[in-house]
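# Remarks on the overall topology
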Amino acid sequence: VARPQKPADKVFLNIPYDEKFKRLFLAFIAGVSAFGMVPRATLEIPTSKRRLERILGLIGSCQFSIHDLGRVELDRIAPRTPRFNMPFELGLSVAHEKTKQQKHEWFVCESKRYRIGKSLSDLDGTDPFIHDGRIEGVFRELGNIFLRPGRQPSVQQMRRIYVELRRNLPIVLHHAGSATPYTARVFRELCVIASTAADNIVI
Amino acid sequence: MKVLLEGRFSSAEETADVLGVSSSRARELVSLARSNSPYLARVNGKRKTSSKKRTPSASRKRRARGKTAKAR
């Protein structure tokens, strides 16, 4: 008798929500979906006083988290500040892994080699996954992190899922009345499209 | 060391359920994805392929030339 499989794994994506990162945002959704996992993000959480608790709840509901610290530079809007959300949520994930009984594994991505040693030296001894700020780099590094025997997606298959997302993005944006993919509704719908594509492309 | 995934491969329905997308909207998105793509298009639930092998008709079989073609 075949054992019923566990529910699909969920991955908390801790990534910057800015225009320059849009391609990598889609690449992360495509790549995570290609492995048959469900992407989750703080985009799903409405802005409110209880936001921090909900972020903790979201991290707790995921088996894995991926933290992209590739955009740690100062932003252009005055007063110019670095982005603290991503390192902060990485800290929450590390604390969750250390204190809770549930299984949680976290991974750090960077676009530049050796930079994390300077920007976040507390992580010395942790090897970040360097994607070079390229979508192929994201696919390559996801392939270095995860292994799905019998259904391991290739970089080319992840690329095809990404192309499907790009093709459908304008329709999803139009339907949601949004100009940006960084909204809860658009994110959720892109994940469903990516999952459809993954189920057909990764065989 | 790579992480071995033990959970099942998520279907579009399961993803929609986890993310709180309504089932009717999920169906729309699945058909949108399939209709928009040469990779994912389906007819009557079966994957549409351009290289479908066709069985030759009886008259075409009679007119077939060569040993290999006649043997089919």
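Residue indices follow the written sequence of each chain, beginning from 1 at its first position. A letter from A marks each chain and a number from 1 marks each ligand, given out in the order of writing. Where totals are concerned, whole chains, interfaces and linings use all residues; where local detail is concerned, this predicted model gives features only for residues with pLDDT of at least 70, and gives and counts side-chain atom pairs only at 80 or more. By convention in this description, side-chain values take in all heavy atoms of the structure and omit both hydrogens and water.

### Things to note about the interface of chain B and chain A
At the interface, 32 residues of chain B touch 47 residues of chain A. Once two parts are put together, the accessible area they lose, assessed with a 1.4 Å probe and summed over both, is termed the buried area. Summed over both sides, the interface between chain B and chain A buries roughly 3,600 Å², with carbon and sulfur atoms accounting for 61% of that surface. Looking only at chain B, the three residues that lose the most surface to chain A are Leu5, Phe9 and Leu19 of chain B, adding up to 22% of its buried area. We define a salt bridge as a contact between a side-chain nitrogen of Lys or Arg and a carboxyl oxygen of Asp or Glu at a distance within 4 Å. Inspection of the chain B/chain A interface yields two salt bridges. Counting of polar contacts relies on pairs of N or O atoms within 3.5 Å, with two restrictions inside protein: one atom must be capable of donating a hydrogen and the other of accepting it, and residues adjacent in sequence are counted only when both atoms are side-chain atoms. Summed over the shared surface of chain B and chain A, the result is 17 residue pairs in polar contact (both at pLDDT 80 or more). Mapped onto the side of chain B that touches chain A, the elements with two or more residues apiece are β1 (3–4), α1 (12–19) and α2 (23–35) of chain B. For two strands to be treated as a pair, DSSP must find at least two bridges joining them. Only DSSP runs of H or I reaching four residues or more are called helices, and only runs of E reaching two or more are called strands; each is numbered from the N terminus. When strand β6 (residues 146–147) of chain A meets β1 of chain B, the two strands line up parallel, connected through two bridges. Paired with Phe146 of chain A across the strands is Val3 of chain B, a residue of β1 of chain B. The criterion used for residue contact is that any of the two residues' heavy atoms lie within 4.5 Å.

### Quick notes on the environment of Val163 of chain A
Residue and element names in this part refer to chain A. The topology assignment puts Val163 in helix α6 (residues 155–176). The exposure class assigned to Val163 is partly exposed, which follows from its relative accessible area of 32%. Note: C-alpha distance between Val163 and Ala30 (133 residues apart in sequence) is 8.9 Å. Here the term buried applies to any residue with accessible area under 20% of the maximum for its type, exposed to any over 50%, and partly exposed to those in between, with areas from a 1.4 Å probe on protein chains only.

### Here's the deal with the pattern of salt bridges
Residue and element names in this part refer to chain A. Enumeration according to the criterion identifies 16 salt bridges over all chains in this entry. With its nearest N and O atoms 2.8 Å apart, the salt bridge here joins Arg140 to Glu141. Given a relative accessible area of 36%, Arg140 falls into the partly exposed group. Its relative accessible area of 9% is what places Glu141 among the buried residues. Close ionic contact of Arg151 with Asp199 constitutes a salt bridge, the shortest N to O distance being 2.8 Å.

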